[in-house]
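Next come the chains, spelled out residue by residue.
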Amino acid sequence: QFQLTVPVAVVFAPGSVPGDLPRPLPFRDVQEMELSVNLRTTVTSRYETIYRSTTAEEEAALGAATAREADAALHLLQDTSLGSLTIYVVPETSSLLPQGISVYVGKHRSALVRAGGGLATLRTRLQQLTQVMSFTASSITAALSDRVPDGQLGPAARRHLKSSLGYEITFSLLNPDPKSHTVEWDIEEAVNRYVQPVLDKLSLVANFSVDSQILYYAVLGVTPRFDKESSSFLLSAHSLPHVINPVEARLGSSAASLYPVLNFLLYVPERSHSPLYIQDKEGAPVSTNAFHSPRWGGIMVYNVEAPSSPQASLPLHVDVDMVRVMEVFLAQLRLLFGLSREELPHEFLLERPGNEGLADWELDRLLWAHTVENIATVSTTLTSLAQLLDKIGNIVIKDDVASEVYRAVASAQSAMAELAVGHLHSAFQASKEAVTSSERAFFDPSLLHLLYFPDDQKFAIYIPLFLPMAVPILLSLAKIVRETRQHKKEPTKMD
């Protein structure tokens, strides 16, 4: 029974306090919502809100010229603990928010809301904001997808990567026609510049390792269709799933990996199939010329301009535009982690995260979902382990395995308790420790069920060995017993 507590501070600037507040500032309010995942699992969302007025420093920060500048200044003054939200209510006439915008969500853990409409309107906007910046019923349901009955989950819920202690990211350049193209990409500099800031932000969630490779003569598993009108080759949406398997056989990155592997492939079409474009389900060309596969990665087709003269010498030298490529790959990375931004009302304005790739509140959103998923995983793992041990009566459980089980249970209970009081960071760390301990116990070599035989198998193995020896021994024992009895029956002779 999960209880997720979100600490929220609603701060009123001068001239923005609604006239129908139930009591004078400051005061506290608690709201709860319950989500039933299945018959055994329920999630209670608890929003502990404190309503107060701005301090002098916050008033000065709200006097900035733009909402972005105000957000940067307020970030230095507010509670920066993971999972907490601070919502500043500004007067209806404030010039901080652009025309037609009622809610501004910054890069950190704060938002600006335009006053107006009384307390009921404000509470509606606050509810929308807390859903955007913390978690929604759909994000928690997706985290507990293994426990949700079939048919109740949409396709989007199964696209996100499962929670893991680590991920491996592989960037691959596929050059199927090296005789025609000499392709160069500065992948190391591009990773350091565009990918590493995102991974630094996500380092709290998991460990990441990045590698790259160039594969020659690696072709797609599907022959593209030639379109006479555009004089180009086309890959339709229904043929895209058949592209991955033949290519994946050449990647070789997931063979010895302990963690999930995310594959990002840049494909330079061979000269005979160039230019190559991807079509969506409606037959329109995809603007990025790329597609992503849930829980696997993404592929981008990078067309090379044909030489101006037919006598141009081969192979052509190609320098990949890494800015365009990394824009696509980072967008696909966000999709894989479930960080795609949902449809919001038109009066909402979300600040772009910039070089870091994701806002602070998006990181919190990820941590909420992963913490819940980790605890559910621990529960499932330990239940499976208990069922296994019940089936094998003569199994030997070592002390170190028992201590890992105890540690997993204690860490999971600690994570649940921390969630209930709104301490997201410590809850996530405890859930990671619980997952680690439960998996160590479950995969301990001494608990391999093949090491322990049921009694009927023991009889089946040993009877053919001992029966040939046992028969003459038993016959001899019977003979000895018979002779002893006869000897006792004979009368003893007296001299």
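Rules used in this analysis
Residues numbered from 1 in each chain as written. Predicted model: local features only at pLDDT ≥ 70, side-chain atom pairs only at ≥ 80, totals over all residues. Heavy atoms only, no water. Helix = DSSP H or I, 4+ residues; strand = E, 2+ residues; numbered from the N terminus. Buried < 20%, exposed > 50% of the residue type's maximum accessible area, 1.4 Å probe, protein only. Contact = heavy atoms within 4.5 Å. Areas by Shrake-Rupley, 256 points an atom, 1.4 Å probe, with all protein chains shown as cover. Lys, Arg positive; Asp, Glu negative; His and termini not counted. Charge placed at Lys NZ, Arg CZ, Asp CG, Glu CD. Pairing = 2+ DSSP bridges. Axes fitted to C-alpha atoms, helices over the stretch in contact; angles between N-to-C directions. Domains from an automatic or database assignment. Polar contact = N/O pair within 3.5 Å; in protein donor to acceptor, adjacent residues only side chain to side chain. Core = buried A, V, L, I, M, F, W, Y, C linked by side-chain atoms within 4.5 Å. UniProt positions renumbered as here; feature names shortened; annotations may be inferred. Salt bridge = Lys/Arg side-chain N within 4 Å of Asp/Glu carboxyl O. Phe/Tyr/Trp six-rings, centres within 6.5 Å; stacked < 30°, edge-to-face > 60°.

Caption draft 1: Structural view of the overall build of the protein. Along the backbone of the protein there are eleven helices and 17 strands. In the protein, which comprises 495 residues, the share counted as buried stands at 45%. The contacts in the protein between residues at least 6 apart in sequence include a share of 75% that link residues at least 24 apart. Accessible area of the protein: about 26,700 Å², with a carbon and sulfur share of 55%. Taking the average location of the 41 positive side-chain charges in the protein and that of its 54 negative ones, the two points are 9 Å from each other.

Caption draft 2: Spotlight on the sheet that holds strand 11 (residues 232-235). The strand order across the open sheet formed by three strands is 10-11-13, and the pairing between neighbours is mixed. In the strand order of this sheet, the two ends are held by strand 10 (225-227) and strand 13 (276-278), each with one partner. The sheet shows a mean angle of 40° between the axes of neighbouring strands, taken without regard to direction. By the bridge criterion, three bridges tie strand 11 to strand 13 in an arrangement that is parallel. Considered in strand 13, the bridge of leucine 234 is made with tyrosine 277.

Caption draft 3: Structural context of the domain arrangement of the protein. In terms of domain boundaries, the protein breaks down into domain 1 (2-144 + 344-350), domain 2 (166-337), domain 3 (360-451) and domain 4 (453-490). Centre-to-centre separation of domain 1 and domain 4, based on C-alpha positions: 84 Å.

Caption draft 4: Expanded view of the sheet that holds strand 3 (residues 42-53). Read across the sheet, seven strands follow the order 2-3-1-4-6-5-17 without closing on themselves; strand pairing throughout is mixed. Each edge of the sheet is formed by a strand with only one pairing partner; in this case those strands are strand 2 (27-36) and strand 17 (348-350). Ignoring which end each strand starts from, the neighbouring axes of this sheet average 20° apart. When strand 1 (residues 2-12) meets strand 3, the two strands line up parallel, connected through eleven bridges. Note on strand 3: the bridge partner recorded for valine 6 is tyrosine 47. Strands in contact with helix 8 (residues 360-391) are strand 1, strand 5 (103-105) and strand 17; relative to strand 1, the strand with the most contacts, it is inclined by about 160°.

Caption draft 5: Representation of the side chain of arginine 365 within the structure. Along the chain, the position of arginine 365 falls in helix 8. Among the polar contacts made by the side chain of arginine 365, one reaches the main-chain carbonyl oxygen of glutamine 131 at a distance of 3.0 Å. From its side chain, arginine 365 meets the backbone oxygen of valine 132 in a polar contact 2.8 Å long. With residues up to four places along the chain from it excluded, the contact list for arginine 365 reads Gln131, Val132, Ser134, Phe135, Thr136, Ser139 and Glu342.

Caption draft 6: Broad picture of the nonpolar core. Of all hydrophobic cores here, the largest spans 85 residues; its most connected members are Leu4, Leu129, Phe171, Leu202, Leu266 and Phe337. Top contributing element to this core by residue count: helix 8, with eight residues. Excluding its chain neighbours within four sequence positions, the residues that come into contact with leucine 266 are Ser172, Leu173, Leu174, Trp185, Met300, Tyr302, Val320, Val325 and Phe329. With 20 residues, the next largest nonpolar core counts Ala218, Val222, Phe233 and Val301 among its residues.

Caption draft 7: Fine view of the UniProt feature "transmembrane region" (unreviewed entry) in the protein. The residues that UniProt annotates with the feature "transmembrane region" (unreviewed entry) are residues 459-481. Overall, residues 459-481 shows 100% helix and 0% strand. The separation of its end C-alpha atoms is 28 Å.

Caption draft 8: The pattern of salt bridges, seen in detail. Under the criterion given, the structure shown has twelve salt bridges. Glutamate 373 serves as the salt-bridge partner of lysine 162, at 3.6 Å between the closest nitrogen and oxygen. On the criterion of sequence distance, the pair formed by lysine 162 in the loop between helix 4 (137-143) and strand 7 (166-175) and glutamate 373 in helix 8 is long-range, its members being 211 residues apart. A relative accessible area of 28% means that lysine 162 is categorised as partly exposed. Glutamate 373 sits in the buried class, given a relative accessible area of 7%. Aspartate 360 is the partner of lysine 201 in a salt bridge, and the nearest nitrogen-oxygen pair spans 2.9 Å. With lysine 201 in helix 5 (residues 187-202) and aspartate 360 in helix 8, this pair connects stretches of sequence that are 159 residues apart.

Caption draft 9: Local environment of the pairing of strand 16 (residues 316-319). Taking every second residue as pointing to the same face, the buried face of strand 16 carries Leu316 and Val318, while none of His317 and Asp319 on the other face is buried. The pairing of strand 8 (residues 181-184) with strand 16 spans four bridges and is parallel. Across the sheet, the residue bridging to valine 183 is valine 318, located in strand 16.

Caption draft 10: Quick look at the packing of aromatic side chains. Enumeration over the complete set of coordinates arrives at twelve aromatic pairs. Arranged with centres 6.3 Å apart and planes meeting at 20°, the rings of tyrosine 47 and phenylalanine 135 form a pair that is stacked. Remark: phenylalanine 135 occurs in the loop between helix 3 (118-133) and helix 4 and tyrosine 47 occurs in strand 3; sequence separation between them is 88 residues. The pair formed by tyrosine 47 and phenylalanine 135 is uniform in burial state, with each residue classed as buried. Here a set of aromatic residues connected by ring pairs shows up, and it is made of Phe12, Phe27 and Tyr51.

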